[in-house]
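# A look at the structure
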Amino acid sequence: MKPRSFFVLLAAVAIFLLTLAGWGTALVLGHSPLNLTQGGVNRGPMAPGLIPGQSPIMVSLLVNPDRLEAFTQLAVNPGRRRRSHRELADLEQSLLAKTGLDYRKEVKPWLGEEVTLAVTDLDYDHNGANGAQPGYLLVVHSQDPELTREFLQLSYATAAIAGDTDLVFDRYQGVKITYKHPVSPVPNGNLLASAVVGDYVLFANHPQVLRQALNSLQAPSLSLAQTETYQQALASLSEPKLGIVYANFPALSAWLGQRPAIEKNSDQTAIEQTLTVALSLQAQGLVAHTALTGVPRGGAEPETANGSSVATDLVNLPPSSSLVINGQNLAQQWQQLATGLAPHSPLQQALSKLVNDWQQPLGLDLTTDIFPWVQSDYQLIFLPKTNPSQSDWVFAARDRDATATDLALEHLDQLAIAAGYQLSTLDLQGQRILAWTSLQTLAKRNITSLQTQVRGVHCRVGDRVILASSLEALSQVLDQTSPSLADQPEFQQALSTLPDDSYVYLDWQRGEPFFSQQLPVLRVLELSLKPLFKNLRSLTINQEPGSTSISNSTIYLNLGVD
């Protein structure tokens, strides 16, 4: 095995193990008749004790993949077990084909109950002359130290036979570090290193990364495990778990941007924001409990208007809906969302892009033109179009102040006129509709004709105000006789787990083409956890009430196997 591919091999192993967990989980949840209420294990990972506190991201699997695979074989229908075994073999082949590693023979026999992969440092050598050199650390629990030593010795022997690297043995903090030094050094090249600490095997892309890990172990105050944000987040995620994902947003943004350090902008908040996600199994599916720390609390939690429950029937929900957001008091919820995300974080950047795409055509400012008059129930619905990169939308709100709402709609009409659109009055299903239209010429076979294009429409139906991006979208939500998403068992099951009627529901299979294009970070996640996303049907998000600096949410993932 070539030394330059050794860490690629290790990363592939880690991704394979994490992907196997997602693959097995999808099969289990798709067919398992067994009790899944326990959900996982009641412990956290050990690896954070070895990871520096400034780590941008950590992903940890807390269950042996072999246990998930065995559970999968019991869970699936007997007639499908051969197919599931073949799918697993194909998964191994696709991920590990270029590494030269036989997972079942070389890794599986000694693999224990934890696999953690982390970016430990944005620039481990802190040398500005060679740019950003991120540190990567893989921590693997071993259930058989003897087989682990055999695996390491075999990899060292293979490198020695190849003749293009020298093995270097070093000792640091009482731990032996072994790394491969190329016979012909490459500028900024990786010196792939490994060490054994108790029952754990550590692999890194440079011995300096292992030294940093050992420093964290010897001086616990330097480790991620001892940071206040991580401890607070983990304490709020008490449910049994299969794995943990931790991200430090400022550091993560720098890593994704290939920067050697966090940029300090004049408008950047001093609060360090982190997101911790605990994955667990429950009867309704795979559940992600999230904890966002460093959230400014400028006021009380959103309250339902006049103490009433949130309405769920403002409009008919078309079965083709790719996204449904249901809530109350939009202005207050937006304020909490806007102030709760750190500037320049990936989530804030994604949100800004979506908002700008909405505001630009008409010169809107959502915070002043839409949000203030939406004081009660609202629904936002996305509907796929023929072009998968485009989507229609419908926004419905209950009218609590007719005067304020009339002024808001008149202002929107004036913005449309200023943007070059005409106001046209139409009749649709017995409702008076006001449309923002423009005329465009259409040339076909030397014949030029005029075509009316609709940029947006709005109407009143009883005490509701409805805005939509097209007549087609509006007609679907006005038709109370057509089938509704609310009547479908899958949607009803997703909402049955929620403590209240405020939610975000995403039909992944319908919405993936549009939202992956709008949010490139989704493509990265989808590639990393392809088998999980392949089987993802829908997800439902519900924010949990609270008054501390931690914002907790629950995400229910509906998985199925074709």
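Residues numbered from 1 in each chain as written. Predicted model: local features only at pLDDT ≥ 70, side-chain atom pairs only at ≥ 80, totals over all residues. Heavy atoms only, no water.

Regarding its fold elements, the protein presents 17 helices and 20 strands. Counting over 562 residues, the protein shows a buried share of 49%. For the protein, restricting intrachain contacts to residue pairs at least 6 apart in sequence, the fraction spanning at least 24 positions comes to 67%. (Helix = DSSP H or I, 4+ residues; strand = E, 2+ residues; numbered from the N terminus. Buried < 20%, exposed > 50% of the residue type's maximum accessible area, 1.4 Å probe, protein only. Contact = heavy atoms within 4.5 Å.)

What the rule picks out here adds up to seven salt bridges. Put simply, R398 and D377 hold a salt bridge, and the shortest N to O gap is 3.1 Å. Placement of R398 in strand β13 (residues 391–398) and of D377 in strand β12 (residues 377–384) is noted, with a sequence separation of 21 residues between them. Both residues of the pair, R398 and D377, belong to the buried class. Residues D399 and R460 are paired through a salt bridge, measuring 2.6 Å at the closest nitrogen-oxygen approach. One end of the pair, D399, is in the loop between β13 and α12 (402–418); the other, R460, is in strand β16 (residues 447–461), with 61 residues separating them in the sequence. Overlapping salt bridges, with partners in common, bring together D377, R398 and D463 in one network. (Salt bridge = Lys/Arg side-chain N within 4 Å of Asp/Glu carboxyl O.)

Under the definition given, this model contains nine aromatic pairs. Centre to centre, the rings of W110 and F151 are 5.5 Å apart; their planes meet at 40°, and the pair counts as tilted. Here W110, found in the loop between α4 (103–107) and β2 (111–121), pairs with F151, found in helix α5 (residues 145–162); they are 41 residues apart in sequence, far enough to count as distant. This pair shows no difference in class: W110 is buried, exactly as F151 is. (Phe/Tyr/Trp six-rings, centres within 6.5 Å; stacked < 30°, edge-to-face > 60°.)

Within the secondary structure, T554 is located in strand β20 (residues 550–559). Apart from the residues lying within four places of it in its own chain, the contact partners of T554 are V287, A288, H289, T540, I541, N542 and E544.

L137, L202 and F395 are the most contacted members of the largest nonpolar core, which has 76 residues in total. When residues of this core are assigned to their parent elements, the largest contribution, five residues, is made by α12. Non-local contacts of L202, meaning those with residues more than four positions away in its chain, are made with L50, L137, L138, V139, A193, S194, A195, V197, L210 and A213. Among the nonpolar cores identified, the runner-up in size contains 28 residues, and L383, I433, A473 and L474 belong to it. (Core = buried A, V, L, I, M, F, W, Y, C linked by side-chain atoms within 4.5 Å.)

By the criterion of burial, strand β3 (residues 135–142) is predominantly enclosed, with seven of the eight residues buried. Judged from the five bridges that link them, β3 and strand β7 (residues 200–204) form a sheet pairing that is antiparallel. Its bridge partner lying in β7, H141 is registered against Y200. (Pairing = 2+ DSSP bridges.)

Looking along a regular strand, one sees the side chains alternate between the two faces of the sheet. Across seven bridges, strand β14 (residues 422–428) lies against strand β15 (residues 431–444) in antiparallel orientation. When the sheet's bridge partners are listed, Q422 is paired in β15 with T437. Linking two consecutive strands that pair antiparallel, namely β14 and β15, is a turn of two residues; a positive phi of about 50° is found at Q429 within it. Pairing analysis gives 11 bridges linking β15 to β16, with the strands arranged antiparallel. Looking at the pairing, T441 lines up with L450 of β16. The turn joining β15 and β16, which pair antiparallel and follow one another in sequence, is formed by two residues; a positive phi near 55° is taken by R445.

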